[in-house]
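Breakdown of the fold
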Amino acid sequence: MGLTISRLRVPRGFVIPRGFVVRAIIIIIVLLVITQTYITNLKPVPIRPTARYIGTNYDELTQFSPHHDIDSYCNKLPTPRNKRGLVISEKSKADGPLKIFYWKHSGGYSWVDWDWESQTMCPIPMELQEFFDTFRTKVIKKPDLEWITGYAPCYFWKTFDGQVEDRYGSCNSKKSGYLDYTFSTNYTDFPYADIIYMDHPLTLGTDQAPYYDSQLLPPKLSHQKWVLRFSDDSLAGYPYIALPAFLHRFDLTMGSPPSMMDIPDPSYPITVDRALELANTKPSFAFNKKTDHLISIVTSECWPWNKRNVLIDHLVKNAGAHSYGNCNKNKEVPKELNKDDLPRPYVKQKLMTKYPFGLAAEHSNCIGYVTEKIYDVLASGAIPVYFGASDIADFVPEGSYINVKDFKDHDELVAHMKTVDRAPFYKWKEIVKKDPSKFCKSCFPAPAESAWCAIMDNVQYV
């Protein structure tokens, strides 16, 4: 026997329609769920009601996640620490060359056929067994793939550098005179290396504090010194690089952002010869010539961490921009330039010569992240319209570009482009021709022949 509710009668003859009660109950349950979810999300950290919290944790990891507001985070860099060198105490200069092991894991592993690569295995030292076990589980996500203890795919030995054998070199260091070194990518030699050089540590990121997975780093042996180089990528994609907790793992850092590193080295270094070449480039568009197409855009990557796509869309609609790249494309590359054997920078610069302005927009607004884009525009003879790093003034000549951030909105920017006198944007050229050092404050490379010599410059035997 079931219970059927057709109508509920209440005093004074009021009748509740069929289904009203059921719908009301559903609505109340939904409201309770929404309210509970909202209240839960208001609590950044779950708090145990019975726990006593003694003192306050002011560490940045408890204040906000670097993934929360990437634009603010990558412009709030840690205070530079005192520069440290590589103090070598386990051996002397007379003991022979220092051994550098090149530890490089740059990503892209999802495209690798690991079943195939696992058919050719190389021996690993026991110190690295935990790393390779973790790597198999967390990065390539194939815990069932069989790698016999003591072995890993030879892929790691050969992928980033085809030569497994040691390379020998020598540098005239500032502190210790001529120093010899060997450079290796042979994982078998890892325990015997004096210096571990990490370039492109790009597989470490996590969404939980401390925002990098230390199990994907090698063990730090007592006699080894660690060197980090980070210069080709933006902190927007790898925010953990800027965390003091991560940087303090290394004995020496080099790269970009320059203000954060022991050895500053820009993302796109400019040589004296390159500065003079740009200074001698003639304006590409006559100053008194009018055009309905003010600016060219050649952008291939359309998933930036900033609002570059919004800017491109506005320039196309309001400044007659011709976009040759993948983002909001409205113009085809001419046939004479659309050839595989032509270098991309050459094609890009040739396209830009037909316009008074060229867009140089980075995919993030992180401090110190200045790539080839603005230099490509300068090389074309056009005036760069720049969108990106807040410290761009340290990387290009004064008065050589228009900064999008100087305008309250994009309409004001376009109005300025239409009316501005373009001649003053080229005054820097005569200054730089006389003194190339005036080209920039921070765009010249570190004063060393190579990364290895930059390392040797900081070696000190005790």
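Structure first, text after, so check above.
Being a predicted model, the structure only gives us computed values, none of them experimental.

Tracing the backbone shows Ser 173 in strand E7 (residues 167-173). For Ser 173, the side chain forms a polar contact with the main-chain nitrogen of Ser 176, separated by 3.1 Å.

In this section: the environment of Pro 125. Summarising the element assignment, Pro 125 is placed in the loop between strand E5 (121-123) and helix H5 (129-138). By relative accessible area, which is 11% here, Pro 125 ends up buried. Distance from Pro 125 to Thr 188, taken between C-alpha atoms, is 5.7 Å for residues 63 residues apart in sequence.

Attention now moves to the nonpolar core. Soluble globular proteins: nonpolar side chains tend toward being buried together. Judged by nonpolar contacts, the single largest core of 50 residues is most densely connected at Trp 103, Trp 114, Phe 132, Phe 156 and Phe 246. In terms of nonpolar packing, the next biggest core, distinct from the first, is built from 31 residues, Val 347, Leu 351, Trp 428 and Cys 443 among them.

A separate point is helix H9 (residues 308-318). If you check which residues of H9 are buried, you get Arg 308, Leu 311, Ile 312, His 314, Leu 315 and Val 316. Tucked into the core, H9 has its buried residues touching strand E13 (295-297), strand E14 (322-323), strand E15 (357-361), helix H11 (373-380), strand E16 (383-387) and helix H12 (410-419). Looking one or two residues past H9, Gly 320 carries a phi angle of roughly 65 degrees, positive in sign.

What follows is about the packing of aromatic side chains. One pass over the full model with this rule turns up 35 aromatic pairs. Centre to centre, the rings of Phe 156 and Tyr 187 are 6.4 Å apart; their planes meet at 70 degrees, and the pair counts as edge-to-face. Placement of Phe 156 in helix H6 (residues 155-158) and of Tyr 187 in the loop between strand E8 (177-184) and strand E9 (195-201) is noted, with a sequence separation of 31 residues between them. Classification of Tyr 187 as buried rests on a relative accessible area of 1%. Aromatic side chains Tyr 268 and Tyr 375 sit 5.5 Å apart centroid to centroid with 20 degrees between the ring planes, which places their arrangement in the stacked category. One end of the pair, Tyr 268, is in the loop between strand E12 (263-264) and helix H8 (272-279); the other, Tyr 375, is in helix H11, and 107 residues separate them in sequence. Taken together, the ring pairs connect Phe 101, Trp 103, Trp 114, Phe 131, Phe 132, Phe 135, Trp 147, Tyr 155, Phe 156, Trp 157, Tyr 187 and Phe 190 into an aromatic cluster.

What counts, and where the lines are drawn
Residues numbered from 1 in each chain as written. Predicted model: local features only at pLDDT ≥ 70, side-chain atom pairs only at ≥ 80, totals over all residues. Heavy atoms only, no water. Helix = DSSP H or I, 4+ residues; strand = E, 2+ residues; numbered from the N terminus. Polar contact = N/O pair within 3.5 Å; in protein donor to acceptor, adjacent residues only side chain to side chain. Buried < 20%, exposed > 50% of the residue type's maximum accessible area, 1.4 Å probe, protein only. Core = buried A, V, L, I, M, F, W, Y, C linked by side-chain atoms within 4.5 Å. Contact = heavy atoms within 4.5 Å. Phe/Tyr/Trp six-rings, centres within 6.5 Å; stacked < 30°, edge-to-face > 60°.

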